[in-house]
Amino acid sequence: QLVESGGGLVQAGGSLRLSCAASGNIILIDDMGWYRQGPGKQRELVATIRKTDNTNYADSVKGRFTISRDNAKKTMYLQMNSLEPEDTAVYYCNAVGLLSSLDAFNSWGQGTQVTVSS
């Protein structure tokens, strides 16, 4: 199970920090990522981070957003700075890995709303 938190309403130029906490019988989390879906738009990739801490960002957020993870806490973060109205969306976290049953999982959180006012 993945649970996001940290969304909210912020003015343009402001900052927010999203968190995504994983729970359950997880023995390994490999890739994790943040995705977003704006009004009338398709879901798009924001940033991903591998267990090796290799990161990848969408061009639209490079230099403004930073993805990180704490493997001991099974938690991923997204620090969002210099927010723009175009960043308004529901943000979803995703994780893939291995359960204690040795079954693979690919889970999504329920989403958290980020609204940036101009």
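Here is what the cut-offs are and how they apply
Residues numbered from 1 in each chain as written. Predicted model: local features only at pLDDT ≥ 70, side-chain atom pairs only at ≥ 80, totals over all residues. Heavy atoms only, no water. Buried < 20%, exposed > 50% of the residue type's maximum accessible area, 1.4 Å probe, protein only. Helix = DSSP H or I, 4+ residues; strand = E, 2+ residues; numbered from the N terminus. Pairing = 2+ DSSP bridges. Patch = residues over 30% accessible without salt bridge, like charges linked within 9 Å, V, L, I, M, F, W, Y side chains within 5 Å. Areas by Shrake-Rupley, 256 points an atom, 1.4 Å probe, with all protein chains shown as cover. Salt bridge = Lys/Arg side-chain N within 4 Å of Asp/Glu carboxyl O. Disulfide = S-S within 2.5 Å. Phe/Tyr/Trp six-rings, centres within 6.5 Å; stacked < 30°, edge-to-face > 60°. Lys NZ or Arg CZ within 6 Å of the ring centre and 35° of its normal.

A. Structural detail: the pairing of strand E7 (residues 65-70). Of the two faces of E7, only the one carrying Phe65, Ile67 and Arg69 is buried; Thr66, Ser68 and Asp70 on the other face are not. Taking the residues that link successive antiparallel strands as the turn, the E7-strand E8 (residues 75-80) hairpin has four residues, and the phi of Lys74 there is positive, at about 55°.

B. Quick peek at a nonpolar patch on the surface. Judged by side-chain polarity, Ile27, Leu28 and Leu102 come together as a nonpolar surface patch covering roughly 290 Å² of accessible area. By the element assignment, Ile27 lies in strand E4 (residues 26-37).

C. Inspection of the pairing of strand E10 (residues 104-108) at higher detail. Two elements, strand E9 (residues 89-99) and E10, share five bridges in a ladder whose sense is antiparallel. Looking at the pairing, Gly97 lines up with Phe105 of E10. Counted along the chain from E9 to the antiparallel partner E10, the turn is four residues long, and its residue Leu102 has a positive phi close to 70°.

D. Representation of the state of the cysteines in the model. This model, assessed by the stated rule, comprises one disulfide. What pairs with Cys20 in a disulfide is Cys93, and their sulfur atoms sit 2.2 Å apart. For the disulfide bridge between Cys20 and Cys93, the dihedral angle about the S-S bond is near 60°, and by the sign convention the bridge is right-handed. Of the two residues, Cys20 is situated in strand E3 (residues 16-22) and Cys93 in strand E9; the sequence distance between them amounts to 73 residues. Just as Cys20 is buried, Cys93 falls in that class too.

E. Structural view of the packing of aromatic side chains. A complete count under the given rule lists one aromatic pair for this structure. Taking the ring centre of Tyr77 as reference, the NZ or CZ of Arg17 above it sits at 4.1 Å. The residue whose ring lies beneath Arg43 is Tyr92, and the NZ or CZ to ring-centre distance is 3.8 Å.

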